[in-house]
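Tertiary structure, described
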Amino acid sequence: MTFRGLLLGLFAVPVVVGGYFLTEAATADGTPQCDGIIEEYGDAERSGPMKPGETCDLYDFTDGRSAGTRTYEQQRKAQEEGAADGYRTGGWWLAYGVAGLTVVTVHLGLKRRRA
């Protein structure tokens, strides 16, 4: 494997990661999802999509304690902010990878033609 091939491979990874973040943010459903526990009628509990008026108990499954609660509107806003972060993060990763691929292709390609 050549040095150029190694660099191309290393800069292809951020392109894939950026594409993943952008795809994940673009395909996020607008329905708030509760990853914790939604208390329903009586003792019934569930997780998943929320309905207006429900409250999500943000349960930390690693230490077994409650991390607070969110209403339907709060959870929807938190997920919208998460999608915006996904777009921003994915854009940076993608830009970094594309810039690196461009530099490697153009710079090492020119040197190779001169030799």
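In what follows, the accompanying structure is described.

Calculation notes
- Residues numbered from 1 in each chain as written.
- Predicted model: local features only at pLDDT ≥ 70, side-chain atom pairs only at ≥ 80, totals over all residues.
- Heavy atoms only, no water.
- Helix = DSSP H or I, 4+ residues; strand = E, 2+ residues; numbered from the N terminus.
- Contact = heavy atoms within 4.5 Å.
- Patch = residues over 30% accessible without salt bridge, like charges linked within 9 Å, V, L, I, M, F, W, Y side chains within 5 Å.
- Areas by Shrake-Rupley, 256 points an atom, 1.4 Å probe, with all protein chains shown as cover.
- Salt bridge = Lys/Arg side-chain N within 4 Å of Asp/Glu carboxyl O.
- Pairing = 2+ DSSP bridges.
- Axes fitted to C-alpha atoms, helices over the stretch in contact; angles between N-to-C directions.
- Expected span 1.5 Å × (residues − 1).
- Buried < 20%, exposed > 50% of the residue type's maximum accessible area, 1.4 Å probe, protein only.

1. Here's the deal with the side chain of aspartate 57
Looking at where aspartate 57 falls in the secondary structure, it is placed in strand 3 (residues 55-60). Setting aside its immediate chain neighbours within four residues, aspartate 57 contacts Cys34, Gly36, Ile37, Ser66, Gly68 and Thr69.

2. Points about a nonpolar patch on the surface
Together, Phe3, Leu6 and Leu10 give the surface a local cluster of nonpolar side chains, amounting to about 320 Å² of exposed area. Structurally, phenylalanine 3 can be placed in helix 1 (residues 3-26).

3. Let's talk about the sheet that holds strand 2 (residues 45-49)
The strand order across the open sheet formed by four strands is 2-1-3-4, and the pairing between neighbours is antiparallel. Edge positions in the sheet fall to strand 2 and strand 4 (65-71), since each of these pairs with one other strand and no more. Averaged over all pairs of adjacent strands, the angle between their axes in this sheet comes to 40°, without regard to strand direction.

4. Some thoughts on helix 1
Residues that lie three or four places apart on an α-helix share one face, since the helix turns once every 3.6 residues. With 24 residues, helix 1 extends 35 Å between its outermost C-alpha atoms, agreeing within 8% with the 34 Å of an ideal straight helix rising 1.5 Å per residue. Every buried residue of helix 1 is accounted for by Leu7, Phe11, Pro14, Gly18 and Ala25.

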